[in-house]
Amino acid sequence: MITNKTGMNKHDSSLVMAHMWVAFISLFIGGLMGLLQTLVRSGTLTLPFGIGYYQILTVHGVILALVLTTFFIIGFQFALMSKTVGMTDKQRDSAWFGFWIMLFGTVTTAVTILLGKASVLYTFYAPLKAYPTFYIGLALVVVGSWIGCFTNFRQLYVWKKKNKGEKSPLLAFMVVINMLLWFIATLGVAATVLIQFIPWSLGMVDTINVLVSRTLFWYFGHPLVYFWLLPAYMAWYAIIPKIIGGKIFSDSLARLSFVLFLMFSIPVGFHHQLTEPGIDATWKFIQVVLTFMVIIPSLLTAFSMFATFEITGRSKGYTGLFGWLKGLPWKDVRFFAPMVGMLAFIPAGTGGIINASNQMNQVVHNTIWVTGHFHLTVGTTVILTFFGISYWLIPVLTGRRLTKKINTLGMIQTVVWAFGMLIMSGSMHIAGLLGAPRRSSYSTYGGSEQATEWIGYQLAQAIGGSILFIGIILMVYIFLYMIYAAPKGEEEFPISEVSENAEPTPKFLENWKLWIGITVALILFAYTIPFIDIIQHSPPGSPGFDMLIRH
Amino acid sequence: MSKSSLQMKKKQAPKEEEQPELKGTFIAVMGLGLFILISWFIVYFIFVAR
Amino acid sequence: MHLHKYEKIWLIFGIGSLILFLVVLGVGAFYKGTHPPSHLATIDPQNVQAHESFMDENLGLRQVGEDQYLVSVIASAFNYNLGTDEDGKAIRTVRIPVDSTVVFQVTTTDVIHGFQLAGTNVNMMVEPGYISSLETTFKKPGTYTLLCNEYCGTGHHIMAATVEVYQP
Ligand code: HEM
Ligand SMILES: [Cu+2]
Ligand SMILES: [Cu+2]
């Protein structure tokens with residue numbers, strides 16, 4: 001097999017690169033929509049050609065939250081698996097098969113939205129009804145991703161058989177955890193789309209059970225955000241230490257936190273349904289408690305990250321309480337971008353704890369605060385880490401080098417992004433606390449005094465959004481440059497080793513049956529009784545409303 | 001640089017049990033914890049006041 | 001697996017804070033009754049006016065006791081039905097004296113809507129087939145915007161009304 005010196009097989013490189021193309025094209029389209037949204041919301045722009053605000057918002061949500069993330073993550077994970085446990089020709093074929101199915105699904109859904117027949121936003125809450133191909137396309141994206149899941153499972157399985165008794169490589173372990181999480185979570189959304197939405201939108205049944213569909217959706221919706229976050233954590237735990245010239249602080253703690261994410265990120269969907277009438281208050285609180293459990297692995301991660309930085313800085317001879325900060329490669333964009341992402345996670349995670357705080361959710365629910373929150377989590381922490389990964393991954397895949405110039409441009413991109421987001425997300429948080437709603441086009445709310453107060457913050461969002469869009473253009477330029485213009489050469493695929501001071505990893509951490517068993521048990525505990533309640537006390541179903549989304 | 005890193009190794013190596021110097025990490029995470037506490041209570045008091 | 005001394009302290013502090021939050025929330029919810037809206041009552045979404053609370057004559061503001069009010073609302077795209085005044089005109093503003101207890105009960109005849117009084121804790125989802133209900137006491141006089149904060153279609157952002165809390 002032809003393998004270049006960086007350890008990526010040429011065929012695997014094209015597979016990963018295909019995913020990256022979809023991700024970056026999505027970034028550009030989605031970012032453009034984001035800019036337009038901020039301009040419309042501030043009252044500075046009216047969309048031409050009969051394009052609807054909620055149509056572009058649907059594009060923005062679907063293409064950034066569902067398409068960009070899924071394609072980047074699956075592509076990145078294939079790169080990690082190929083590098084750590086290898087990929088056979090058969091596995092690569094099945095990976096390609098999954099890719100094409102996902103792409104076909106994406107195009108199907110996108111066309112439906114562009115034709116104006118699916119302005120239902122990326123959460124597609126019933127009984128707003130889109131044209132059937134919207135749901136069918138989404139189902140295909142999920143099915144394609146499952147092929148990716150099983151390909152990854154197979155890769156590790158084959159490796160384990162060849163390397164009996166050895167612990168699996170850390171990154172392969174993490175990829176498999178994330179794909180397990182994804183598979184178990186997507187069963188919920190697949191169930192509602194296949195059993196409820198598609199037959200209903202095709203007219204095979206007259207009504208839909210709204211609360212059942214929402215509950216299945218949010219069973220998927222929360223682990224979805226961890227599916228985005230975990231690849232960033234992979235880079236923080238196992239790649240950044242190499243870039244900064246250090247070692248992994250603790251292999252076991254890294255694995256432990258991933259196992260905790262698997263167990264606790266699924267049985268918590270009710271924290272998105274806290275203000276809904278049809279769910280029992282006690283079960284809401286139980287899921288709030290479980291939600292707080294999933295904060296613990298992030299506490300572990302925060303410590304591990306700082307510890308890695310401090311130990312590395314000190315090993316380079318920098319002393320003092322914070323002197324070790326000087327030992328970090330601040331001018332290396334492969335470190336700088338994810339580092340800024342990590343810092344953004346401090347307010348981002350804090351906001352998440354507030355959102356999940358049961359009755360306190362009434363202060364922020366569906367206000368623009370929430371939008372501010374997830375533009376920090378996924379829109380900054382995750383995205384900046386993905387950018388940080390791209391600066392070495394794309395050159396590795398294309399057999400080129402990350403030049404000094406691109407490194408500098410990347411640093412500028414990071415600062416532009418952070419600054420734009422600070423303004424946009426900051427004003428979203430404040431406006432949200434004042435009561436300004438999310439998912440809303442420009443409105444004076446009948447001349448209400450409160451709405452006048454919000455306008456200043458909408459303008460600030462438009463300024464932040466414009467700065468962010470400059471960031472998007474920069475990033476797309478960097479992406480294209482790294483593919484076509486950077487000088488040929490070898491770029492390192494950074495994978496860290498474990499610190500020699502770290503303890504050996506205990507065997508039980510790879511007891512898959514145990515972890516899957518606990519995960520399933522927790523899901524059954526958190527959902528069985530309330531779900532039966534919901535079904536038993538169901539009101540009459542709802543017919544579809546497709547006229548409300550026409551403009 | 002390599003010299004000082006050698007010195008560090010010497011300092012760290014002697015006992016297996018010895019733990020790495022992590023004072024800065026500790027202060028940083030405690031600061032993070034404080035930030036969470038303060039932010040949470042701000043919104044909590046907004047909730048109570050409304 | 002053994003943890004660094006500082007990591008132990010950090011985890012105790014962090015998990016301790018989480019427990020503190022949960023205790024504060026739990027006491028509020030279960031002891032003081034500030035659960036988030038979870039009314040559980042159902043209704044036929046295609047025939048809501050069969051329900052007594054949502055008959056035409058019962059919509060909007062009703063005084064049900066000294067300092068006690070009930071506000072019944074039917075949400076539909078893209079309007080909150082708060083009943084009609086003496087002239088038969090649709091009511092757009094509800095006036096409530098400060099410090100009185102108000103129960104909002106809301107349902108929808110079509111899709112999901114939000115029901116948020118901006119700047120207050122009145123914030124709930126309104127879903128077909130269910131009655132959303134929330135009790136509150138307005139502590140501050142003022143003019144509050146009642147608005148829909150869950151996407152319900154092309155006119156979502158014009159769905160609004162007003163609640164005026166006045167000093168009697
Ligand atoms: C140029 C950069 C961006 C700008 C200017 C921007 C702007 C916005 C605005 C103004 C909204 C709220 C619209 C509303 O509620 O009415 C929004 C929603 C959203 N954004 Fe962004 N955004 C950007 C980048 C991103 C990125 C990178 C992601 C994720 C990877 C993202 C994910 C989302 C999601 C999921 C929503 C919610 C859509 C919904 O409520 O249905 N955005 N964005
Ligand atoms: Cu969540
Ligand atoms: Cu609405």
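Residues numbered from 1 in each chain as written. Chains lettered and ligands numbered in written order. Predicted model: local features only at pLDDT ≥ 70, side-chain atom pairs only at ≥ 80, totals over all residues. Heavy atoms only, no water.

1. Brief notes about the overall build of chain A
Turning to step 1, where the next piece is worked out: Counting its secondary structure elements, chain A contains 16 helices and zero strands.
Turning to step 2, where the next piece is worked out: Against the globule reference of 24 Å for 551 residues, chain A gives a C-alpha radius of gyration of 23 Å, in line with a compact fold.
Turning to step 3, where the next piece is worked out: Referenced to the eigenvectors of the C-alpha coordinate spread, the extents of chain A come out at roughly 65 × 50 × 45 Å.
Turning to step 4, where the next piece is worked out: Each of the 551 residues in chain A was classed as buried or not, and the buried ones make up 68%.
Turning to step 5, where the next piece is worked out: The contacts of chain A with a sequence gap of at least 6 include a subset with a gap of at least 24, amounting to 84%.
Turning to step 6, where the next piece is worked out: Surface summary for chain A: the accessible area is close to 18,600 Å², and the carbon and sulfur share equals 70%.
Turning to step 7, where the next piece is worked out: One way to put it: in chain A the 34 positive side-chain charges average out to a point 7 Å from where the 21 negative ones average out. (Helix = DSSP H or I, 4+ residues; strand = E, 2+ residues; numbered from the N terminus. Rg over C-alpha atoms; globule rule 2.2 N^0.38 Å. Buried < 20%, exposed > 50% of the residue type's maximum accessible area, 1.4 Å probe, protein only. Contact = heavy atoms within 4.5 Å. Areas by Shrake-Rupley, 256 points an atom, 1.4 Å probe, with all protein chains shown as cover. Lys, Arg positive; Asp, Glu negative; His and termini not counted. Charge placed at Lys NZ, Arg CZ, Asp CG, Glu CD.)

2. Points about the environment of Met-174 of chain A
Residues and elements named next belong to chain A.
Turning to step 1, where the next piece is worked out: As for its position among the elements, Met-174 is in helix α5 (residues 170-201).
Turning to step 2, where the next piece is worked out: Judged by its relative accessible area of 0%, Met-174 falls in the buried class.
Turning to step 3, where the next piece is worked out: Spatially, the C-alpha atom of Met-174 lies 9.1 Å from that of Tyr-233, the residues being 59 residues apart in sequence.
Turning to step 4, where the next piece is worked out: Ignoring anything within four residues of it in the chain, the contact list for Met-174 reads Met-234, Tyr-237, Ala-254 and Phe-258.

3. Remarks on the UniProt feature "domain: Cytochrome oxidase subunit I profile" (unreviewed entry) in chain A
Turning to step 1, where the next piece is worked out: When the UniProt feature table is mapped to this numbering, "domain: Cytochrome oxidase subunit I profile" (unreviewed entry) covers residues 17-484 of chain A.
Turning to step 2, where the next piece is worked out: Secondary structure across residues 17-484 of chain A comprises 75% helix and 0% strand; the distance between its end C-alpha atoms is 13 Å. (UniProt positions renumbered as here; feature names shortened; annotations may be inferred.)

4. Remarks on the interface of chain C and chain A
Turning to step 1, where the next piece is worked out: At the junction of the two partners, chain C supplies 64 residues and chain A supplies 75 residues.
Turning to step 2, where the next piece is worked out: At the surface where chain C touches chain A, the tally comes to two salt bridges.
Turning to step 3, where the next piece is worked out: Its salt-bridge partner being Glu-127 of chain C, residue Arg-214 of chain A comes within 3.1 Å of it at the nearest N-O pair.
Turning to step 4, where the next piece is worked out: Linking chain C with chain A are 26 residue pairs in polar contact (both at pLDDT 80 or more), by the criterion used here.
Turning to step 5, where the next piece is worked out: Those elements that provide at least two residues to the side of chain C that touches chain A are α1 (5-31), β7 (123-126), β8 (132-137) and β9 (142-147) of chain C.
Turning to step 6, where the next piece is worked out: Considering every element that reaches the side of chain C that touches chain A, the biggest residue donor is α1 of chain C, with 14 residues.
Turning to step 7, where the next piece is worked out: In terms of residue class, the side of chain C that touches chain A is built from 33 nonpolar, 26 polar and five charged. (Salt bridge = Lys/Arg side-chain N within 4 Å of Asp/Glu carboxyl O. Polar contact = N/O pair within 3.5 Å; in protein donor to acceptor, adjacent residues only side chain to side chain. Nonpolar A, V, L, I, M, F, W, Y, C, P; charged D, E, K, R; others polar.)

5. Topic: the UniProt feature "transmembrane region" (unreviewed entry) in chain B
Turning to step 1, where the next piece is worked out: With numbering matched to this structure, UniProt assigns "transmembrane region" (unreviewed entry) to residues 21-47 of chain B.
Turning to step 2, where the next piece is worked out: Its end C-alpha atoms 41 Å apart, residues 21-47 of chain B is made of 93% helix and 0% strand.

6. So, the coordination of the copper ion (ligand 2)
Residues and elements named next belong to chain A.
Turning to step 1, where the next piece is worked out: Bound to the copper ion (ligand 2) on the protein side are His-222 (ND1), His-271 (NE2) and His-272 (NE2), at distances that span 1.7 to 2.0 Å.
Turning to step 2, where the next piece is worked out: Read N to C, the donor residues that coordinate the copper ion (ligand 2) are spaced as H-x48-H-H. On the criterion of sequence distance, the pair formed by His-222 in helix α6 (residues 210-238) and His-272 in the loop between α8 (251-264) and α9 (281-293) is long-range, its members being 50 residues apart.
Turning to step 3, where the next piece is worked out: Taking relative accessible area as the criterion, His-222 reaches 8% and is therefore assigned buried.
Turning to step 4, where the next piece is worked out: For His-272, a relative accessible area of 24% corresponds to the partly exposed category. (Donors = N, O, S within 2.8 Å, 3.2 Å for Na, K, Ca; no water.)

7. Quick word on helix α16 (residues 512-536) of chain A
Turning to step 1, where the next piece is worked out: Relative to the 36 Å expected for 25 residues at 1.5 Å per residue, α16 of chain A spans 35 Å between its end C-alpha atoms, a close match to the ideal helical length.
Turning to step 2, where the next piece is worked out: The inward-facing, buried residues of α16 of chain A abut α4 (132-162), α5, α6, α8 and α9 of chain A. (Expected span 1.5 Å × (residues − 1).)

8. Observations regarding the coordination of the copper ion (ligand 3)
All names here are of chain C.
Turning to step 1, where the next piece is worked out: Taken together, Cys-148 (SG), Glu-150 (O), Cys-152 (SG) and His-156 (ND1) make up the protein donors of the copper ion (ligand 3), found 2.0 to 2.6 Å from the metal.
Turning to step 2, where the next piece is worked out: Coordination at the copper ion (ligand 3) comes from four donor atoms whose angles at the metal span 83 to 125°, giving a geometry best classed as irregular.
Turning to step 3, where the next piece is worked out: In the primary sequence, the donor residues of the copper ion (ligand 3) line up as C-x1-E-x1-C-x3-H. (Tetrahedral: all angles 85-135°; square planar, octahedral: opposite > 155°, others 65-115°.)

9. A short note on the side chain of Ser-145 of chain A
Turning to step 1, where the next piece is worked out: Within the fold, Ser-145 of chain A resides in helix α4.
Turning to step 2, where the next piece is worked out: Those residues in contact with Ser-145 of chain A, other than ones at most four positions away along the chain, are Ile-74, Met-102, Met-179 and Trp-182 of chain A.

10. Some details on the environment of Ser-14 of chain A
All names here are of chain A.
Turning to step 1, where the next piece is worked out: One can find Ser-14 in helix α1 (residues 10-41).
Turning to step 2, where the next piece is worked out: In this structure Ser-14 comes out as partly exposed when scored by relative accessible area, which is 38%.
Turning to step 3, where the next piece is worked out: Along the primary structure Ser-14 and Thr-108 are separated by 94 residues, whereas in three dimensions their C-alpha atoms are 24 Å apart.

11. Details of the sheet that holds strand β6 (residues 113-117) of chain C
All names here are of chain C.
Turning to step 1, where the next piece is worked out: Within the open sheet, the five strands sit side by side as β4-β10-β9-β6-β7. Their pairing is mixed. Edge positions in the open sheet fall to β4 (93-97) and β7, since each of these has one partner strand only. Neighbour-to-neighbour, the strand axes of this sheet turn through a mean angle of 20°, independent of strand direction.
Turning to step 2, where the next piece is worked out: Two elements, β6 and β9, share two bridges in a ladder whose sense is antiparallel. The residue bridging Leu-117 from the neighbouring strand is Leu-146, located in β9. (Pairing = 2+ DSSP bridges. Axes fitted to C-alpha atoms, helices over the stretch in contact; angles between N-to-C directions.)

12. Side note on the interface of chain B and chain A
Turning to step 1, where the next piece is worked out: With 25 residues of chain B at the interface, the matching set in chain A holds 29 residues.
Turning to step 2, where the next piece is worked out: Between chain B and chain A lies a buried interface of about 2,400 Å² when both sides are counted; carbon and sulfur atoms form 79% of it.
Turning to step 3, where the next piece is worked out: Ranking the residues of chain B by area buried against chain A places Trp-40, Val-43 and Phe-47 of chain B at the top, with a combined share of 22%.
Turning to step 4, where the next piece is worked out: On inspection of chain B and its partner chain A, the count reaches one salt bridge.
Turning to step 5, where the next piece is worked out: Its salt-bridge partner being Glu-21 of chain B, residue Arg-314 of chain A comes within 3.9 Å of it at the nearest N-O pair. (Buried area = accessible area lost by both parts, 1.4 Å probe.)

13. As for the pattern of salt bridges
When their charged atoms lie close together, side chains carrying opposite charge are able to pair.
Residue and element names in this part refer to chain A.
Turning to step 1, where the next piece is worked out: Following the criterion strictly, the structure yields 15 salt bridges over all chains and no others.
Turning to step 2, where the next piece is worked out: When the shortest N-O distance is used, the salt bridge between Arg-255 and Glu-510 registers 3.8 Å. Here Arg-255 is found in helix α8, whereas its partner Glu-510 is found in the loop between α15 (449-484) and α16, with 255 residues between them in sequence. Grouping residues by exposure puts Arg-255 and Glu-510 together as buried.
Turning to step 3, where the next piece is worked out: Taken together, the salt bridges that share partners define one network made up of Lys-160, Lys-167, Asp-251, Arg-255 and Glu-510.

14. Digging into a positive patch on the surface
Residues and elements named next belong to chain A.
Turning to step 1, where the next piece is worked out: Together, Lys-90, Arg-154, Lys-161 and Lys-164 give the surface a local cluster of positive charge.
Turning to step 2, where the next piece is worked out: Relative to the assigned elements, Lys-90 resides in helix α3 (residues 89-114).
Turning to step 3, where the next piece is worked out: Lys-90 gets classed as exposed once you look at its relative accessible area, which sits at 72%. (Patch = residues over 30% accessible without salt bridge, like charges linked within 9 Å, V, L, I, M, F, W, Y side chains within 5 Å.)

15. Some remarks on the pairing of strand β1 (residues 60-65) of chain C
Residues and elements named next belong to chain C.
Turning to step 1, where the next piece is worked out: For β1 and strand β2 (residues 68-76), the ladder comprises five bridges, and the chain directions are antiparallel. Across the sheet, the residue bridging to Arg-62 is Leu-70, located in β2.
Turning to step 2, where the next piece is worked out: Connecting β1 to the next strand, β2, in antiparallel fashion are two residues, including Asp-67 with a positive phi near 60°.

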